[in-house]
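# Examining the three-dimensional arrangement
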Amino acid sequence: MSDAEPRDDRQAVHSVCDILDLLRITADRRDKVSVGDVLDAIGDRSYGPALLIPALLESTPIGGIPGVPTFLALFIAITAAQLLWDKDHLWLPGFIQRRSVSAGKLHKAADKLNPVASWLDRWFHGRLPRFVKQPWPRIAAAMVIVLCLTVPPLEFVPFASSAPMLPIAAFGLALLVRDGLLLIAAVGISIAVLAIGMGLAG
């Protein structure tokens, strides 16, 4: 992790709006915001936000930058691999932690996601909590990794890379708000996205 933020500066994250507020606060403190800065802000035990944030950012103008969807997919895949192995602390290699975006772009992206965040927070919360306990997070992690593998080729088709990011965001949100019903729905969406992709490829 980066040493930019002191540990006691972290805020509790319980909702999507909390995440966006945290991104704005982090952006307001510097000219550029690195992946390490964000990880320091949310904490290295926060797998839900670590899956959700990059998946949501892919749907903003940041995701339109060539190569960014593939980089976000790499970030997500490394995160999901550690969730699959039930690691207590999230670790990311230095070259990923050092990647950054301008604070202004991040702030605008967070503002753009406000209506979506409010809607998600209103509708999704702790239903069927037994389905966010093991082995379900591991099942989710395995499906996320498979979805990430589809992102690089989809970058050649406008907006197509957002398709696998939808169930990935759903998995992240389900883990964040402990919503087992949403996690089950995300499994179904993942299967549908993969089936459609395989059909188009065939």
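Structure: see above.
Report on the accompanying structure. Quantities reported herein were computed from a predicted structural model and do not represent experimental measurements.

### Observations regarding the overall build of the chain
Across its full length, the chain holds 11 helices and 2 strands. Counting from the amino terminus, helix and strand elements in the chain follow one another as α-β-α-α-α-α-β-α-α-α-α-α-α. Principal-axis analysis of the C-alpha atoms places the extent of the chain at approximately 45 × 40 × 30 Å. Out of the 202 residues in the chain, the part that is buried amounts to 49%. Looking at the chain alone, contacts between residues at least 24 apart form 75% of all its contacts between residues at least 6 apart. Accessible area of the chain: about 10000 Å², with a carbon and sulfur share of 65%.

### Here's the deal with the environment of Gly-172
Here Gly-172 lies in helix H10 (residues 162-177). Using a relative accessible area of 0% as the deciding quantity, one classes Gly-172 as buried. Along the chain, Gly-172 and Leu-183 lie 11 residues apart, while their C-alpha atoms are 8.7 Å from each other.

### Comments concerning the packing of helix H1 (residues 16-28) against helix H7 (residues 114-123)
At their nearest, the axes of H1 and H7 sit 8 Å apart, and the two run at 145° to each other. In this structure, H1 uses Val-16, Cys-17, Leu-20 and Arg-24 to contact H7, whose residues at the interface are Asn-114, Ala-117, Ser-118, Leu-120 and Asp-121. Considering only residue class, the contact of H1 with H7 consists of 5 nonpolar, 2 polar and 2 charged.

### A closer look at the pattern of salt bridges
Taken as a whole and judged by the stated rule, the model has 5 salt bridges. Residue Asp-21 pairs with Arg-24 through a salt bridge whose shortest N-O separation is 2.9 Å. Linking Asp-21 with Arg-24, this pair stays in helix H1, spanning 3 residues, or about one helical turn. On the basis of relative accessibility, which here comes to 12%, the residue Arg-24 falls in the buried class. The salt bridge partner of Arg-24 is Asp-111, with a shortest N-O separation of 3.0 Å. One end of the pair, Arg-24, is in helix H1; the other, Asp-111, is in helix H6 (residues 103-112), and 87 residues separate them in sequence. One network of salt bridges, with partners in common, ties together Asp-21, Arg-24 and Asp-111.

### Topic: the packing of aromatic side chains
This model, assessed by the stated rule, comprises 2 aromatic pairs. A ring pair is formed by Trp-119 and Phe-124, whose centres lie 5.7 Å apart and whose planes are at 75°; its orientation type is edge-to-face. The interplanar angle of 75° and the centroid separation of 5.2 Å between the aromatic rings of Phe-131 and Trp-136 together place this pair among those described as edge-to-face. Stacked on the ring of Phe-71, the Lys or Arg Arg-99 has its end atom at 4.4 Å from the ring centre.

### Things to note about a nonpolar patch on the surface
On the surface, Leu-128, Leu-181 and Ile-184 cluster together into a nonpolar patch covering about 200 Å² of accessible area. Position of Leu-128 relative to the elements: it lies in the loop between H7 and helix H8 (136-149). On the basis of relative accessibility, which here comes to 31%, the residue Leu-128 falls in the partly exposed class.

### A look at the nonpolar core
In terms of nonpolar packing, the biggest core is built from 66 residues, with Ile-76, Phe-171 and Leu-173 touching the most fellow members. Non-local contacts of Leu-173, meaning those with residues more than four positions away in its chain, are made with Val-16, Leu-52, Leu-120, Phe-124, Arg-178 and Leu-182.

Cut-offs applied
Residues numbered from 1 in each chain as written. Predicted model: local features only at pLDDT ≥ 70, side-chain atom pairs only at ≥ 80, totals over all residues. Heavy atoms only, no water. Helix = DSSP H or I, 4+ residues; strand = E, 2+ residues; numbered from the N terminus. Buried < 20%, exposed > 50% of the residue type's maximum accessible area, 1.4 Å probe, protein only. Contact = heavy atoms within 4.5 Å. Areas by Shrake-Rupley, 256 points an atom, 1.4 Å probe, with all protein chains shown as cover. Axes fitted to C-alpha atoms, helices over the stretch in contact; angles between N-to-C directions. Nonpolar A, V, L, I, M, F, W, Y, C, P; charged D, E, K, R; others polar. Salt bridge = Lys/Arg side-chain N within 4 Å of Asp/Glu carboxyl O. Phe/Tyr/Trp six-rings, centres within 6.5 Å; stacked < 30°, edge-to-face > 60°. Lys NZ or Arg CZ within 6 Å of the ring centre and 35° of its normal. Patch = residues over 30% accessible without salt bridge, like charges linked within 9 Å, V, L, I, M, F, W, Y side chains within 5 Å. Core = buried A, V, L, I, M, F, W, Y, C linked by side-chain atoms within 4.5 Å.

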